[in-house]
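Here is how the chains run, residue by residue.
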Amino acid sequence: MNKIPKLLPFALLCCSTLLAQVENDSITWSLAIEDIVVTAQFAPTAKENAVHEVKVIEIEDITRQGMNNLAEVLTQQLNFRVSNDPILGSGAQIQGVGGENVQVAIDGIPVIGRVNGNVDLSQIKLSDVDHIEIVEGALSAQYGNNAAGGVINIITKKTQLNKYNVSLASQFEDIGIMNYDALFSARFDRFFFSASGSHYQSQFEPNDSLRLIETTTLADGSTLQQRKFPWNPKVQNSLNGKLTYRPNDSFDITYQQRYFTESVFLYGPVKRPSFNPYAFDETYLTNRHDHTLSLNTWMSSSLYLQSQTALNSFTRTKQYERLELESGESTPVSAEQDTSRFTSILHRTSINTASQRKINGQFGVEYLREMAFGRRLMDTSAVDLNEPSQQNIAFWLGARWTPITKLILQASLRYGHNSQFDHPVLPALNLRWNITEDWTLKSSYALGFRAPSIKELYFNFIDINHFIVGNNELQAEYSNNARLSLDYRNNLGNNQLLRFGVKGFYNAVRNKITLAEFSPLQYNYQNLETYDTHGLNFTVNYESEIISCESGFSITNIANDFAEETSYEPTFVPVAEVQSQLSIWIPKVDIDFLVTHRYIARQQRYYLYEDEVLLGFIGRNHQLNATLNRQFWQERIHLSIGAKNLLNQSSRSLSGASNSGDVHGGSGQSILTGFDRSYFVRLQFSYGK
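Residues numbered from 1 in each chain as written. Predicted model: local features only at pLDDT ≥ 70, side-chain atom pairs only at ≥ 80, totals over all residues. Heavy atoms only, no water.

Explain the overall build of the protein to me, using residue names and the numbers behind them.
On a plain count of helices and strands, the protein comes out with six helices and 43 strands. Whereas a compact globule of 689 residues would reach a radius of gyration of roughly 26 Å, the protein reaches 26 Å, a difference of no more than 12%. Oriented by its inertia axes, the alpha-carbon framework of the protein measures out at about 75 × 60 × 50 Å. The proportion of buried residues among the 689 residues of the protein is 50%. Sequence-distant contacts, at least 24 apart, represent 63% of the contacts inside the protein between residues at least 6 apart. As displayed, the protein has an accessible area near 31,900 Å², and 56% of this comes from carbon and sulfur atoms. Where the 58 positive side-chain charges of the protein centre and where its 70 negative ones centre are 5 Å apart. (Helix = DSSP H or I, 4+ residues; strand = E, 2+ residues; numbered from the N terminus. Rg over C-alpha atoms; globule rule 2.2 N^0.38 Å. Buried < 20%, exposed > 50% of the residue type's maximum accessible area, 1.4 Å probe, protein only. Contact = heavy atoms within 4.5 Å. Areas by Shrake-Rupley, 256 points an atom, 1.4 Å probe, with all protein chains shown as cover. Lys, Arg positive; Asp, Glu negative; His and termini not counted. Charge placed at Lys NZ, Arg CZ, Asp CG, Glu CD.)

Here it is as structure tokens:
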């Protein structure tokens, strides 16, 4: 479906109308400052001085590539594996550890509402984002539950130089995607206000085509039925507001509200097509509503206080209807309707010293209460069977020692009380050594902890396509994470910079919680005795005024779940990948040309078939994107034209797979990696005064 020709003139007309109202002699000021990071830091810190290895993704880089949400951003990152499901959404693994062990946060507040263990990354919109900070490895000592694999922290815009800024953007993709973003922010006296919103809509095929089912004959002669077009229509809307009071440079208090809705439509196959045809259609509705109150203040020149209080709610509703295709009448099927609601209350306060002294410290306290409601949630120990809850209280201590200018040692210790599970003492150790002006060594060790979630303990989902039950006898997860990295950074002069690095990591998870088959086609959550991953990364980066290029290679060894059942299968399964990016600025025409490529090699997979462990493969995959960017009228207009998935590889093939059912009621011969090849146009208008 090609919607760009129809919609682009409308977008251009809207922007032209706005531009006509703007004074031609306006001047937009910009300020380039060193990257400041806050994730896992005692106080806001320059990225190059951070003890942890913090990866920063700027919003400008996201905009240049035409990315619509967090899932698209992380798909291009080394060490990340993004999974895609037409109903459940997108989830992420870091270094082979994912699901419940990766914490996704907005300004330090965890995003709640996990489906199948993952926060749906495609629901994280970017209309008011300043940058994204990523720390790989266990951060349980600072962030508690769900941070044993790493933290993805989305940092929103907090201030500006202009009195007010306006930004409007439209993006259209020829496969049927439309995305609109709007942002207004103002600075007046001691206040900063911002409001932003977005609308996203995808419709890849007509509704009638989405009902089509095709039959595939497998290698063993059996057949498999699956949807011809896997991606479902989706509509997303978000609205965010923020108000900050900043009487001086050392104090600010912010109230932030975020609201998000999503509708996903699943159109069922036509039943009885020759006589009174009908179909069963499903709609999945998601609502997120978050409130946050944040306080940041320098109590003295060296004493920094941070405090956050948040109330987050997440509701997911399934609507199931029978549609009479001739009359258009629909009838709800009451037995298939379902609503689950999750609420969390979080308070976190930390006091930090940040001085020139050799020793600085940190003390923090955190309270988290999680509550759920739904007829599929059954906790026999709760006052109300369908309203389970959990709470966790913790405090942590940190110390940062700088014995010499080039060496920093940091240690943290966390202890707490969980309402259902024993909370261990969680230590973390970090070292940063500037060996020379160009060479930096970083190492870390941390113990992670994760209590089973309410869903894993009490969720029961049984219908014609699913049989999933919770397990209230689950044990908590414990993990060990170690990392070692060596980085080289050299300013070559003439605005040229060369960097390269090597990094090794090791993760060992004990009692890892996984969804496992306990009876034919019946699943529950179980603990694995051990689950390990380890690997190496190599990266190189060159930057100049004209050219910027970056390339990275990673190999991750992931534990083979079947190794203990056989004596000849390997203990680990290797996964290799290469990620590259090339950016060229052409001064004569003032165009920025950007190409990104990611390659994931063929991967071994072991699976159980008729009580025998067999070897299969997950096919290789290339993702190649290209964009052209041009700015006009004193950088107020930004035009991007590009292509995503140029090689049209939207899935990874599965060899050796059987046609036995899986947890979602079927199996396919491929794994979805993204949408088909698409071409897009993005137009953004920005004005500040």
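From this point, the narrative continues.
Go over the pattern of salt bridges, please, and point to the residues and values.
Considering all chains together, one arrives at 27 salt bridges under this definition. Ionic pairing is found between R489 and E48, a salt bridge with its closest N-O pair at 3.4 Å. One end of the pair, R489, is in strand 31 (residues 477–493); the other, E48, is in the loop between strand 2 (45–46) and strand 3 (54–58), and 441 residues separate them in sequence. Exposure remark for E48: the relative accessible area of 31% places this residue in the partly exposed category. A salt bridge links E72 to K644; the nearest nitrogen and oxygen atoms lie 2.9 Å apart. On the criterion of sequence distance, the pair formed by E72 in helix 3 (residues 70–75) and K644 in strand 40 (residues 637–644) is long-range, its members being 572 residues apart. You'll find E72 and K644 in the same group, each marked buried. Each member of the salt-bridge network shares a partner with another, and the members are E100, R114, R450, E456 and E477. (Salt bridge = Lys/Arg side-chain N within 4 Å of Asp/Glu carboxyl O.)

Before we move on, can you summarise the sheet that holds strand 5 (residues 89–94) with the specific residues and values?
Strand order in the open sheet formed by three strands is 4-5-6, and the pairing between neighbours is antiparallel. Looking at strand neighbours, the two that pair on one side only are strand 4 (80–85) and strand 6 (97–98), the edges of this open sheet. (Pairing = 2+ DSSP bridges.)

Quick one: what's the story with the sheet that holds strand 8 (residues 109–110), residue by residue and with numbers?
With mixed pairing, the five strands of this open sheet are ordered in space as 3-11-12-7-8. The open sheet is flanked by strand 3 and strand 8, the only strands paired with a single partner. Bridging between strand 3 and strand 11 (residues 129–136) involves five bridges; their strand directions are antiparallel. Paired with I57 across the bridge in strand 11 is I132.

So what's going on with a nonpolar patch on the surface? Which residues, and what values?
The grouping of Y164, F184, F188, F191, F193, L243, Y245, I253, Y255 and L293 at the surface amounts to a nonpolar patch, some 820 Å² of accessible area in total. Of all the secondary-structure elements, those providing two or more residues to the nonpolar patch are strand 14 (177–188), strand 15 (191–202), strand 18 (234–248) and strand 19 (251–267). Within the secondary structure layout, Y255 lies in strand 19. (Patch = residues over 30% accessible without salt bridge, like charges linked within 9 Å, V, L, I, M, F, W, Y side chains within 5 Å.)

Any details on the nonpolar core? Residues and values, ideally.
I87 and L377 are the most contacted members of the largest nonpolar core, which totals 26 residues. Listing elements by their share of this core, those giving two or more residues are strand 19, strand 28 (439–450) and helix 6 (454–458). With three residues, the top contributor of residues to this core is helix 6. Leave out the neighbours within four places in its chain, and I87 touches N232, V264, L266, Y284 and R316. (Core = buried A, V, L, I, M, F, W, Y, C linked by side-chain atoms within 4.5 Å.)

Let's hear about the environment of T216: which residues, and what values?
Mapped onto the elements, T216 comes out in strand 16 (residues 213–217). Each C-alpha atom, one on T216 and one on Q226, is 8.0 Å from the other, the two residues being ten residues apart in sequence. When near neighbours in sequence (up to four residues on either side) are disregarded, T216 contacts S222, T223, L224 and Q226.

A description of unusual backbone geometry should follow, citing residues and the corresponding values.
Residues other than glycine predominantly adopt negative phi, and peptide bonds predominantly adopt the trans conformation. Of note in this structure, N276 is not a glycine but carries a positive phi near 45 degrees. Mapped onto the fold, N276 is located in the loop between strand 19 and strand 20 (278–298). The phi angle at E635 is positive, at roughly 65 degrees, despite the residue not being glycine. With respect to the element layout, E635 can be found in the loop between strand 39 (621–632) and strand 40. Among the residues examined, E635 registers a relative accessible area of 57% and is labelled exposed.

Summarise the pairing of strand 12 (residues 150–156); cite the residues concerned and give the values.
Taking burial as the measure, the seven residues of strand 12 include seven buried ones, the bulk of the element. Every second residue of strand 12 is oriented toward a common face, with G150, I152, I154 and T156 on one face and V151, N153 and I155 on the other, all of them buried. For strand 7 (residues 102–106) and strand 12, the ladder comprises five bridges, and the chain directions are parallel. Considered in strand 12, the bridge of I106 is made with I154.

Which residues make up the packing of aromatic side chains, and what values do they have?
Each aromatic ring pair is described using two quantities: the centre-to-centre distance and the angle formed by the ring planes. Under the criterion given, the structure shown has 16 aromatic pairs. Taking the centre distance of 4.8 Å and the plane angle of 80 degrees together, the rings of W231 and F675 count as edge-to-face. A residue pair is termed long-range when its members are at least 10 positions apart, and W231 in the loop between strand 17 (223–227) and strand 18 and F675 in the loop between strand 42 (670–672) and strand 43 (678–688) qualify at 444 residues. Given the relative accessible area of 15%, W231 is considered buried. Residues F314 and F342 carry aromatic rings whose centres are separated by 6.4 Å and whose planes lie at 45 degrees to one another, so their mutual orientation is tilted. (Phe/Tyr/Trp six-rings, centres within 6.5 Å; stacked < 30°, edge-to-face > 60°.)

Could you give an account of the side chain of K455, naming the residues involved and the relevant values?
Tracing the chain through its elements places K455 in helix 6. E100 is the oppositely charged side chain nearest to the buried, salt-bridge-free K455, at an N-O distance of 7.8 Å. Contact partners of K455, with chain neighbours within four places excluded, come to R114, V115, F342, L377, G470 and Y525.

I'd like to hear about the environment of R288, residue by residue, with values.
Its place among the elements puts R288 in strand 20. By relative accessible area, which is 6% here, R288 ends up buried. Distance in space between the C-alpha atoms of R288 and D379 is 24 Å, their sequence separation being 91 residues. With near-sequence residues (within four places) excluded, R288 lies in contact with V111, I112, G113, V119, D120, Q123, R258, Y259, F260, S313 and F314. Within the local environment of R288, its side chain forms a polar contact with the backbone oxygen of G113, the two atoms lying 3.4 Å apart. (Polar contact = N/O pair within 3.5 Å; in protein donor to acceptor, adjacent residues only side chain to side chain.)

Lay out the pairing of strand 41 (residues 651–655) in plain terms, naming residues and giving numbers.
The alternating pattern of strand 41 places R652 and L654 on a buried face and S651, S653 and S655 on a face that is not buried. Looking at chain direction, strand 38 (residues 612–618) and strand 41 are connected through two bridges and run antiparallel. Its bridge partner lying in strand 41, F617 is registered against S655. Pairing geometry for strand 41 and strand 42, over three bridges, is antiparallel. The residue bridging R652 from the neighbouring strand is I671, located in strand 42.

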